[in-house]
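# Structural characterization, general
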Amino acid sequence: MYKELAKALLNYKDYRSNLVEWIYNELGKVTRGDGKSLLNYLHQKDGSKIYDIDPFSVFGIFNRNASWINRKALLSKFKEHINIRHRNM
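Across its full length, the protein chain carries 4 helices and 0 strands. Listed by position from the N terminus, the elements making up the protein chain come as α-α-α-α. The C-alpha radius of gyration computed for the protein chain amounts to 13 Å, which stays within 12% of the reference 12 Å derived for 89 residues, consistent with globular compactness. In terms of overall dimensions, the protein chain has a C-alpha envelope of 35 × 30 × 20 Å along the principal axes. Relative to its 89 residues, the protein chain shows a buried fraction of 35%. Within the protein chain, contacts between residues separated by at least 24 positions form 59% of all contacts whose residues are at least 6 apart in sequence. Of the accessible surface of the protein chain, which amounts to about 6100 Å², a share of 49% is contributed by carbon and sulfur atoms. Each charge class in the protein chain was averaged separately, 16 positive and 9 negative side chains, and the resulting centres sit 7 Å apart.

In structure tokens:
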């Protein structure tokens, strides 16, 4: 799945702002047990939203302190959005 996601991210090479917008709008809905978004850490130093993202940071979204349930939820959203066909997670 990670390999397919890495290849799929190449499609966003020149459209990273679209990817960032989708990340905030869709992945931001995935929450921890306390109801806070898993993306609370994803912001500029001044607290504003980021406007660009690199592939390593994208992978960090679902690898950074996420429980297996939340990791699966995040990866499922990526899988659907980017149209990845990999079955197992």
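Read on, since the account is not over.
Burial in helix H1 (residues 2-9) covers these residues: Leu5, Ala8 and Leu9. For H1, the arc enclosing every buried residue in end-on projection is 100°, short of the 170-degree limit, so these residues lie on one face. Across H1 from its buried face, at more than 90 degrees, point the exposed residues Lys3 and Lys7. Contacts from the buried residues of H1 go to helix H2 (16-26), helix H3 (55-63) and helix H4 (68-82).

By the element assignment, Gly28 lies in the loop between H2 and H3. For the pair formed by Gly28 and Phe56, sequence separation is 28 residues and the distance between their alpha carbons is 18 Å. Leave out the neighbours within four places in its chain, and Gly28 touches Ile23, Ser37 and Leu39.

Turning our attention to the pattern of salt bridges. Applying the stated criterion to the full structure yields 4 salt bridges. The salt bridge partner of Arg32 is Asp34, with a shortest N-O separation of 2.7 Å. The class of Arg32 is partly exposed, set by a relative accessible area of 36%. The network of salt bridges with common partners includes Glu26, Lys29 and Lys77.

Reading the values: the criteria
- Residues numbered from 1 in each chain as written.
- Predicted model: local features only at pLDDT ≥ 70, side-chain atom pairs only at ≥ 80, totals over all residues.
- Heavy atoms only, no water.
- Helix = DSSP H or I, 4+ residues; strand = E, 2+ residues; numbered from the N terminus.
- Rg over C-alpha atoms; globule rule 2.2 N^0.38 Å.
- Buried < 20%, exposed > 50% of the residue type's maximum accessible area, 1.4 Å probe, protein only.
- Contact = heavy atoms within 4.5 Å.
- Areas by Shrake-Rupley, 256 points an atom, 1.4 Å probe, with all protein chains shown as cover.
- Lys, Arg positive; Asp, Glu negative; His and termini not counted.
- Charge placed at Lys NZ, Arg CZ, Asp CG, Glu CD.
- Arc of directions from axis to C-beta.
- Salt bridge = Lys/Arg side-chain N within 4 Å of Asp/Glu carboxyl O.

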